[in-house]
Amino acid sequence: MNALEPSNEEQPVIRSAREGKRTTAQVLFYFLVRLLSQFVAVFLFEYRCFGRANIPLHRGALILSTHQSTVDPVAVGISFRERLNNMSRKTLFYNRLLAAVIRILDAIELDRKRGGLAGLKETMVRLRRDEKVLIFPEGTRSMDGRVAKMKPGFVSIAKRTRVPLIPVAVTGAYQVLPRGTVIPRRHPLRVAIGPSIVSEEIDDLTEPEIIQLVQERLLECDALARRHHESALGGL
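Since the model is a prediction, treat every value here as computed from it, not as a measurement.

Cut-off values and rules
Residues numbered from 1 in each chain as written. Predicted model: local features only at pLDDT ≥ 70, side-chain atom pairs only at ≥ 80, totals over all residues. Heavy atoms only, no water. Pairing = 2+ DSSP bridges. Helix = DSSP H or I, 4+ residues; strand = E, 2+ residues; numbered from the N terminus. Axes fitted to C-alpha atoms, helices over the stretch in contact; angles between N-to-C directions. Parallel < 35°, antiparallel > 145°, perpendicular 65-115°, else oblique. Contact = heavy atoms within 4.5 Å. Nonpolar A, V, L, I, M, F, W, Y, C, P; charged D, E, K, R; others polar. Phe/Tyr/Trp six-rings, centres within 6.5 Å; stacked < 30°, edge-to-face > 60°. Buried < 20%, exposed > 50% of the residue type's maximum accessible area, 1.4 Å probe, protein only.

1. Overview of the sheet that holds strand β8 (residues 190–193)
- The strand order across the open sheet built from six strands is β1-β8-β7-β2-β6-β3, with neighbouring strands paired in mixed fashion. Where the open sheet ends on each side, the last strands, each with one partner, are β1 (48–50) and β3 (84–85).
- Summarising the sheet, strand β2 (residues 61–65) and strand β6 (residues 132–135) pair through four bridges and their orientation is parallel. Of the residues in β6, the one forming a bridge with L62 is V133.

2. A short note on the packing of helix α5 (residues 153–161) against helix α8 (residues 207–234)
- Closest axis-to-axis distance for the α5/α8 pair is 10 Å, and the angle between their directions is 100 degrees. As judged from the angle between their axes, α5 and α8 are roughly perpendicular. Listed contacts from α8 to F154, V155 and K159 of α5 are E207, I210, I211 and V214.
- Taken together, the residues that form the contact of α5 with α8 break down as five nonpolar, no polar and two charged.

3. Considering the packing of aromatic side chains
- Tallying each qualifying case throughout the model produces two aromatic pairs.
- Ring centres of Y30 and F31 lie 5.3 Å apart, and the angle between their planes is 80 degrees; this geometry places the pair in the edge-to-face category. With respect to burial, Y30 and F31 carry one shared label: buried.
- Ring geometry for F39 versus F43: centroids 4.7 Å apart, planes at 45 degrees, classification tilted. One end of the pair is F39 and the other is F43, both in helix α1 (residues 24–45) and four residues apart, which spans about a single turn.
- A residue is classified by how much of its surface remains accessible, and F43, at 54% relative accessible area, is exposed.

These figures come from the coordinates and say nothing about function on their own.
Written as structure tokens, this is what we have:
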């Protein structure tokens, strides 16, 4: 069976050790938001995920996802039964209501004006505590829905923490909420999760070679997600 194809095996909900450091309200709020988001995604956007069997359990991992839309963190988040840590720009904290939501979700604050050093350190702390962190290596949302070139920021984190890198592709998000829009459109969402890239695979690679490897794996995931996406469109 293709490693990227759907698995019928259900994965148990695994909570990392660090969740003991979060308040009960934070833990419950995250899983409530996740459950509600999954319900909306399935029934309004025909959300489907392929390749969950590729997710390593009981350990930290860096989730490297394609980036089509602001919908992507939700689409990727509901694809994992474990809690995902997201990065949030410091500017998002200027809105009090949004800041309160981000804090209760325990997102990692990223201050780009100061180089994002504190955010990167916190990312490595959480990875070493066997948590999973979501990063968009393209750096920004796609202008046309296609996979763009990777930025090198994730490489140093991968080298230092030696956690698996999990490639993920989202398709349909560009149509659901393209740049410049605020009201989502009904459109099928597909997520494909590829086999992990373990640290031994990148130990002897240069930074450009690691970026190229990740780019290739993301394109493979994107191709699978697009096949299922096009199949869904054909059935409409």
